[in-house]
Amino acid sequence: MARTDHDMHVALLGGAGLPTWVWDEVTAHLRGVTSAAVVPLRRPDASLADVAADLVDQLPSDRDVVLVAHSVGGAVVAQVLADHPGRVAAVLGVAAVVPRPGRSFVSVMPVPARYVLGPVMRRAGTLAPERARRAATRGVDATVADRVVAEAQAEPLRLFLDRVPAFAAPGASAYLRTSDDREVSAGQQIRSARTLGAGWVRTVPTGHLPMLQDPVVVVGAVERLLADVARAGRR
């Protein structure tokens, strides 16, 4: 029997250091499906594979899962697709960095960041300086931006350094590209969409946090992908 929209669950994974409440406006406006932000594993010694396994443990087993991944969440998606094939029905990348197999998040950064980030993170930790955290909130309401900056948390070092294994693209995938993003370049986003095997790409004029700057457009992209999955299930 083909699944209906009500058989789907939307899991939302934020980028580095972000609190789960950044998705609240998105989940509040999604209709006809269950949805929840995934609580990321932030144990300091965790590997990328550990983070991916912990994410999978949080997913319901009785329905199709659409995974929405932001920024470094793209690396987690790749690991999930490699280690748990078939567990996720569809993926929406939101300004996500999806490394090609054999590459890590850091290794696909532009020069000189790809050579600098690793040593800096090993020495100073993975929580970005306040100035960098604030820059990532470009375009977001000032009060909300202050809260994001204040509540940001460190991530496991290996989330950024572990290489992604070979993986197969999910049955359906799409990508939301942010055109005013100073954290992930247009070129990086285009390459990530290709690596993910995105069936379509939508460009939105926001900074790096569209779920806060324009949650309605994120909801629209999720709903379009849900419709793609539902149509595929009826074939």
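> An account of the pairing of strand β3 (residues 64–70) is requested, with residue identities and associated values reported.
Within β3, six of the seven residues are buried, which leaves it mostly tucked inside the rest of the structure. Here strand β1 (residues 8–13) pairs with β3 via six bridges, running parallel. Within β3, the residue paired with His 9 across the bridge is Val 65. The pairing of β3 with strand β4 (residues 90–94) spans five bridges and is classified as parallel.

> Lay out helix α6 (residues 142–151) with the relevant residues and their values.
Along α6, the residues classified as buried are Ala 145, Val 148 and Val 149. The buried residues of α6 occupy an angular sector of 95° when the element is viewed end-on, so they sit on one face. Looking at α6, the residues exposed on the side facing more than 90 degrees away from the buried face are Thr 143 and Ala 150. Residues of α6 that are buried sit in contact with α5 (130–135) and α9 (210–213). Sitting at the head of α6, Asp 141 places a side-chain oxygen 3.1 Å from the backbone nitrogen of Thr 143.

> Outline the layout of surface pockets, supporting the account with residue identities and numerical values.
Considering only enclosed or pocket space, the largest pocket measures out at about 780 Å³ in volume. Sorting the residues of the lining of the largest pocket by element identifies α4 (113–124) and α5 as the ones contributing at least two each. At six residues, the largest contribution of residues to the lining of the largest pocket is made by α4.

> Quick one: what's the story with the pairing of β4, residue by residue and with numbers?
Here is the key point about a regular strand: its side chains alternate between the two faces of the sheet. Within β4, five of the five residues are buried, which leaves it mostly tucked inside the rest of the structure. Side chains Ala 90, Leu 92 and Val 94 project from β4 onto one buried face, and the interleaved Val 91 and Gly 93 project onto a second face that is buried too. The β-α-β motif built from β3, the intervening helix α3 (residues 73–83) and the parallel element β4 has right-handed crossover chirality. In the sheet, β4 pairs with strand β5 (residues 172–178) via five bridges, with the strands oriented parallel.

> Which residues make up helix α2 (residues 48–57), and what are the values?
Along α2, the positions that sit buried rather than exposed are Leu 48, Val 51, Ala 52, Leu 55 and Val 56. Along α2, the residues classed as buried sweep out an arc of 135° about the axis, all on the same side.

> So what's going on with the packing of aromatic side chains? Which residues, and what values?
Per the stated rule, a full pass over the model turns up one aromatic pair. Judged by centre distance (5.6 Å) and plane angle (70°), the ring pair of Phe 105 and Phe 160 falls under edge-to-face. Here Phe 105 is found in the loop between β4 and α4, whereas its partner Phe 160 is found in helix α7 (residues 157–161), with 55 residues between them in sequence. Of the two residues, Phe 105 and Phe 160, neither departs from the other in class, the shared state being buried. Here the guanidinium or amino end of Arg 147 rests over the ring plane of Trp 21, the centre of that ring lying 3.9 Å away. Over the ring of Trp 200 we find Arg 224; its NZ or CZ atom is 3.9 Å from the centre of that ring.

> Requested: an account of the sheet that holds β5, with residues and values cited.
The six strands lie next to each other as β2-β1-β3-β4-β5-β6, forming an open sheet whose pairing is parallel. Across the chains shown, the open sheet's two edge strands, defined by having one partner strand only, are β2 (34–37) and β6 (200–204). Shown here is a sheet whose adjacent strand axes are inclined to one another by a mean of 15°, direction ignored. Strands β4, β5 and β6 of the sheet are contacted by helix α8 (residues 186–196), whose axis makes an angle of about 175° with β5.

> Mind laying out empty space enclosed by the protein, listing which residues take part and the relevant values?
As enumerated under the stated definition, the model contains two cavities of 30 Å³ or more in all. Each pocket or cavity is described by its volume, and for the largest cavity that value is around 70 Å³. If you trace the largest cavity, you find it lined by Leu 13, Gly 14, Gly 15, Pro 40, Leu 41, Arg 42, Val 51, Val 72, Gly 73, Val 76, Glu 155 and Leu 159. Here the lining of the largest cavity is composed, by residue class, of seven nonpolar, three polar and two charged. In terms of lining, the second largest cavity is formed by Leu 12, Leu 13, Gly 14, Leu 18, Pro 19, Thr 20, Val 22, Trp 23, Ala 37, Val 38, Pro 40 and Arg 42. Taken together, the residues of the lining of the second largest cavity sort by class into nine nonpolar, two polar and one charged.

Cut-offs and rules
Residues numbered from 1 in each chain as written. Predicted model: local features only at pLDDT ≥ 70, side-chain atom pairs only at ≥ 80, totals over all residues. Heavy atoms only, no water. Buried < 20%, exposed > 50% of the residue type's maximum accessible area, 1.4 Å probe, protein only. Helix = DSSP H or I, 4+ residues; strand = E, 2+ residues; numbered from the N terminus. Pairing = 2+ DSSP bridges. Arc of directions from axis to C-beta. Contact = heavy atoms within 4.5 Å. Polar contact = N/O pair within 3.5 Å; in protein donor to acceptor, adjacent residues only side chain to side chain. 1 Å grid on protein atoms, 1.4 Å probe; cavity = no way out; pocket = protein on both sides within 12 Å on 5 of 7 lines; lining within 4 Å. Points joined across faces, edges and corners; volume = space filled by probe spheres on them. Right-handed = clockwise from strand over helix to strand, strands pointing away. Phe/Tyr/Trp six-rings, centres within 6.5 Å; stacked < 30°, edge-to-face > 60°. Lys NZ or Arg CZ within 6 Å of the ring centre and 35° of its normal. Axes fitted to C-alpha atoms, helices over the stretch in contact; angles between N-to-C directions. Nonpolar A, V, L, I, M, F, W, Y, C, P; charged D, E, K, R; others polar.

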